[in-house]
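# Chains, contacts and geometry: an overview
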Amino acid sequence: MIDDFLYGTAGHAGPTADVEAAVRAAAAAEILPRYQQLAAHEIVEKSGPHDLVTAADRGAEEHLTASLKRLLPGSVVVGEEAVHADPSVYDALGGDAPVWIVDPVDGTRQFVHGEPGFCTLVALARHGEVYASWTYAPVLDEMAVAVRGRGATLNGTPVHSGSPAPGAVLKVAMSHPDHTSDAQKRALFGLRTEGIDARACGSAGLEYLAVACGAQDAVAFNWELAWDHAAGLLLVTEAGGTESTFSGVPYRITGGNDLPFTAARDRATADRILQALRAPGPEAG
């Protein structure tokens with residue numbers, strides 16, 4: 001079903017363009033009108049002050065849920081806000097039906113602050129395998145698309161991750177160590193070492209895009225929710241990069257990953273990041 005949808009012939013621009021149009025339409029209807037215009041009552045804390053949801057998140061997810069299911073009959077949607085309301089929705093990632101994985105506003109904190117560094121993430125998967133992804137930053141007007149086995153593009157132009165220059169200091173975006181377990185904190189502190197310039201991440205989707213384009217060397221994350229990572233991991237790997245969990249096996253969208261994990265421009269960079277993650281950093285105690 002997914003192969004026919006993604007790779008079958010069509011008499012128009014094709015199904016990936018239809019999904020792109022659906023993502024753009026959701027952003028135009030629900031997100032951009034609220035950009036820098038959010039009222040206080042449109043912002044709600046979920047688990048705490050660092051976990052926010054807005055009317056734009058909810059509206060965009062509802063918009064995408066309807067449009068994506070129309071594009072691929074028989075598919076289901078696993079969206080961040082739907083899972084927050086009913087955690088059992090997440091189980092569809094391991095089911096038989098094609099599943100759309102949706103993060104309506106990735107980088108909600110940036111969106112709430114009126115900053116442009118947020119995006120909408122959509123991925124199409126089945127049986128735990130990701131086949132296509134869309135990363136759309138509406139204020140920046142950037143649309144990245146990846147299709148398994150077909151490469152990755154940014155605004156229609158192919159992107160390639162390349163490799164860091166020999167001996168260059170690696171630029172890495174990572175989870176904030178304070179928002180993690182003690183063991184993962186020790187691992188993340190390992191990135192604070194010579195030859196690595198690590199900083200706290202912003203929107204995960206845009207951090208992955210930077211790796212795919214070669215503007216950043218790697219990311220290291222300690223949380224595994226599929227809507228944050230499915231789209232970006234496919235984007236990086238289709239651009240020529242690679243990814244690995246802490247134990248050296250690939251990330252699984254269904255969960256149970258050994259954390260932290262990394263995505264990087266090339267295998268050598270990923271191995272270097274994993275080596276640093278496995279060596280306790282100087283501030284780990």
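Before reading further, recall that the structure is shown in the block above.
Because the structure is a prediction, the values reported are computed rather than measured. (Residues numbered from 1 in each chain as written. Predicted model: local features only at pLDDT ≥ 70, side-chain atom pairs only at ≥ 80, totals over all residues. Heavy atoms only, no water.)

### Focus: helix H8 (residues 226-238)
We apply this condition: Put simply, DSSP marks the helices as runs of H or I at least four residues long and the strands as runs of E at least two long, and each gets a number from the N terminus on. Multiplying one less than the number of residues by 1.5 Å gives the expected span of a helix. A simple rule labels every residue: compare its accessible area, found with a 1.4 Å probe on the protein chains alone, to the largest value its type can have, and call it buried under 20%, exposed over 50%, or partly exposed in between.
With 13 residues, H8 should reach 18 Å at 1.5 Å per residue; the first-to-last C-alpha distance of 18 Å fits that figure. Most of H8 is tucked away, with 12 of its 13 residues classed as buried. Those residues of H8 that fall on the buried side of the exposure criterion are Ala226, Trp227, Asp228, His229, Ala230, Ala231, Gly232, Leu233, Leu234, Leu235, Val236 and Glu238. Gly240 occupies a position one or two residues after H8 and carries a positive phi of about 105 degrees.

### Quick word on helix H6 (residues 182-189)
Condition: Residues are treated as being in contact if the distance between any of their heavy atoms lies within 4.5 Å.
Residues of H6 that are buried: Gln184, Ala187, Leu188 and Phe189. Along its buried surface, H6 packs onto strand E10 (170-174), strand E12 (218-221) and helix H9 (267-277).

### Let's talk about the packing of aromatic side chains
Using the following cut-off: Each Phe, Tyr or Trp ring, with Trp reduced to its six-membered ring, pairs with another whose centre is within 6.5 Å; inter-plane angles below 30 degrees give stacked pairs, above 60 give edge-to-face pairs, and intermediate values give tilted ones. Consider the ring centre and the ring normal. A charge sits over the ring if Lys NZ or Arg CZ is within 6 Å of that centre and within 35 degrees of that normal.
Applying the stated rule across the entire model yields 10 aromatic pairs. With a centroid separation of 5.6 Å and 90 degrees between ring planes, the pair formed by Tyr90 and Trp227 is classed as edge-to-face. On the criterion of sequence distance, the pair formed by Tyr90 in the loop between helix H4 (80-85) and strand E4 (99-106) and Trp227 in helix H8 is long-range, its members being 137 residues apart. In this pair, the class of Tyr90 matches that of Trp227, namely buried. The structure contains a cluster of three or more aromatic residues connected by ring pairs, namely Tyr208, Phe221, Trp223, Tyr251 and Phe261. The side chain of Arg148 reaches across the aromatic face of Tyr131, ending 5.2 Å from its centre. Cation over ring: Arg278 sits above Phe246, and NZ or CZ is 5.9 Å from the ring centre.

### Some details on the side chain of Glu238
So the rule is basically this: The positive count covers Lys and Arg only, the negative count covers Asp and Glu only, and His and the chain ends enter neither. By convention in these notes, a salt bridge is any Lys or Arg side-chain nitrogen within 4 Å of a carboxyl oxygen on Asp or Glu. Any pair of N or O atoms that falls within 3.5 Å is considered a polar contact. Within protein, one atom must be able to donate a hydrogen and the other to accept it, and sequence-neighbouring residues count only if both atoms are side-chain atoms.
Structurally, Glu238 is set in helix H8. The side chain of Glu238 sits in the buried core without any salt bridge; Arg148 is the nearest counter-charge, 6.0 Å away. In terms of polar contacts, Glu238 uses its side chain to reach the backbone amide nitrogen of Gly149, at 2.9 Å. Residues in contact with Glu238, not counting those within four places in the same chain, are Ala146, Val147, Arg148, Gly149, Arg150, Gly151 and Ala152.

### Remarks on the sheet that holds E10
Convention followed: Only strands joined by at least two bridges in the DSSP assignment are considered to pair. Fitted lines through C-alpha atoms give the axes, limited to the stretch in contact for helices. The angle between two N-to-C directions lies from 0 to 180 degrees.
Strands sit in the order E11-E10-E12-E14-E13 across an open sheet of five strands; the sheet is mixed. The open sheet is flanked by strand E11 (196-200) and strand E13 (242-245), the only strands paired with a single partner. Sheet twist, expressed as the mean angle between neighbouring strand axes with direction ignored, is 20 degrees. Of the strands in this sheet, E10, E11, E12 and strand E14 (261-264) are in contact with helix H7 (residues 204-212), which crosses E12 at around 150 degrees.

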